[in-house]
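Descriptive analysis of the structure
Here is how the chains run, residue by residue.
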Amino acid sequence: IAEHNSYFAHLLKRACSERPLTIILDGLDQVEEYSGRSLKWFPVVLPQHVKLILGLRDGSNELQEIQERLPDDGSNYIEILDLDIEETLLIIEHLLLIKGRRLTDAQLSFARICLADNSYPRYAHIFAHIACKWHTLAIPERFWIKHSIYEIFCDYIMEMAKTVDISEINKLFASLGIFKNGITESEMFQILLSPPEQCDTNSDCP
């Protein structure tokens, strides 16, 4: 944003009552790897009909810099606390309810164990997706140690590798890097099930 400060300022001026502008920037304290962390572009005073919502981690240098330029008057900052286990469990139960499923007492106890270190929405969605496929009232033994998204991800890759050639899996990950908005489930299967590319007999194969 700092590199396009003039454009950003012009964008803010274009807001009006007929076309209000709301800008949401999440993880502003995590972009240093991709761009400079200069906050010179940050407007202390916004034009009418403009709302600017920034997401930063507590204790970050960026948050401290913004707080120095924009003191809190009781309405500038909102602290969003992490979800607790029961709140995350409500997300899981809601997602399962949509699918007409529910957890047994044993599965609920297991869910609480998993959520102790993973009490956030993304894990809740993944957990619910997997729980929908359980065909037993107990806990599938192979899922017991999957207490993190990373472990679940690795588990799925191992399962995929049993039926899909590893080169196709690599092609899938390469595609994920190209499509900045992600791909749908049908597009994913299309990539995995597409026939391997054939080399021209008159050309050199890599």
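Here's what I pulled together on the structure shown here. What you are looking at is a predicted structure, and each value in this text was computed from that prediction instead of being measured. Throughout, residues of each chain are indexed from 1 in the direction in which the sequence is written. Totals for whole chains, interfaces and linings use every residue, but because this is a predicted model, local features are given only for residues with pLDDT of at least 70 and side-chain atom pairs only at 80 or more, for both listing and counting. Side-chain figures throughout are based on the complete set of non-hydrogen atoms in the structure, without hydrogens or water.

Some thoughts on the overall build of the protein chain
- The helix and strand tally for the protein chain stands at 8 helices and 2 strands.
- For the purposes of this entry, the term helix denotes a DSSP run of H or I that reaches at least four residues, the term strand denotes a run of E that reaches at least two, and both are numbered from the N terminus. Each helix and strand of the protein chain, placed in order from N terminus to C terminus, yields the pattern α-β-β-α-α-α-α-α-α-α.
- For every residue, the accessible area (1.4 Å probe, protein chains only) is compared with the maximum for its type, and the residue is labelled buried under 20%, exposed over 50%, or partly exposed between those bounds. Going through the 206 residues of the protein chain one by one, you find that 28% of them count as buried.
- The long-range share in the protein chain, meaning contacts at least 24 apart out of those at least 6 apart in sequence, stands at 61%.
- As displayed, the protein chain has an accessible area near 15,400 Å², and 56% of this comes from carbon and sulfur atoms. The contact definition used throughout considers only heavy atoms, calling two residues in contact when any of these lie within 4.5 Å. A 1.4 Å probe and the Shrake-Rupley method give the accessible areas. Residues count as covered only by the protein chains that appear here.

So, the packing of helix H3 (residues 85–98) against helix H4 (residues 105–115)
- All axes are obtained by fitting lines to C-alpha atoms, using only the stretch in contact for helices, and the reported angles, taken between N-to-C directions, cover 0 to 180 degrees. Interhelical geometry of H3 versus H4 gives an angle of 125° and a closest axis separation of 10 Å. One element, H3, and the other, H4, form an angle in the oblique class. Of the two possible hands of crossing, H3 and H4 adopt the one that is right-handed. Counted together, Ile85, Glu86, Thr88, Leu89, Ile92 and Glu93 of H3 and Leu108, Ala111, Arg112 and Leu115 of H4 form the full contact between these two elements.
- Residue composition of the contact of H3 with H4, grouped by class: 6 nonpolar, 1 polar and 3 charged. In this scheme, roughly parallel covers angles under 35 degrees and roughly antiparallel covers those over 145, while 65 to 115 is roughly perpendicular and the rest are oblique. Note: crossing handedness is left-handed where the near helix turns anticlockwise from the far helix by less than a right angle, and right-handed where it turns clockwise. Here the term charged refers only to Asp, Glu, Lys and Arg, the term nonpolar to Ala, Val, Leu, Ile, Met, Phe, Trp, Tyr, Cys and Pro, and the term polar to all other amino acids, Gly among them.

Focus: the packing of aromatic side chains
- Any two of the Phe, Tyr and Trp rings considered here, Trp counted by its six-membered ring, make a pair once their centres fall within 6.5 Å; the pair's planes then place it as stacked at under 30 degrees, edge-to-face at over 60, or tilted in between. Counted by the stated rule, this structure contains 6 aromatic pairs.
- Seen from their ring centres, Trp41 and Phe42 are 6.2 Å apart, and the 80° between their planes marks the pair as edge-to-face.
- Given a relative accessible area of 6%, Trp41 falls into the buried group.
- Ring centres of Tyr120 and Tyr123 lie 6.4 Å apart, and the angle between their planes is 65°; on these two criteria the pair is classed as edge-to-face.

Description of the packing of H3 against helix H5 (residues 121–131)
- In contact at an axis separation of 9 Å, H3 and H5 are set at 40° when each is read in the N-to-C sense. In terms of orientation, H3 and H5 fall into the oblique class. The hand of the H3/H5 crossing is right-handed. For the pair H3 and H5, the contacting residues are Thr88, Ile91, Ile92, Leu95 and Leu96 in the first and Pro121, Ala124, His125, Phe127, Ala128 and Ala131 in the second.
- Class assignment for the residues of the contact of H3 with H5 results in 9 nonpolar, 2 polar and no charged.

A look at the nonpolar core
- Within the largest apolar cluster, 17 residues are counted, with the highest numbers of intra-cluster contacts made by Leu89, Ile92, Leu96, Leu103, Phe127, Ala131 and Trp134.
- Elements with a minimum of two residues in this core: H3, H4 and H5.
- Of the residues forming this core, the biggest block, 6 residues, is contributed by H5.
- Those residues within four positions of Leu96 in sequence are excluded, and the remaining contacts are Arg101, Leu103, Ala128, Ala131 and Cys132.
- What makes a nonpolar core is a set of buried Ala, Val, Leu, Ile, Met, Phe, Trp, Tyr and Cys residues whose side-chain atoms join them at distances within 4.5 Å. Counting 13 residues, the second largest nonpolar core, distinct from the first, contains Leu21, Ile23, Trp41 and Ile66.

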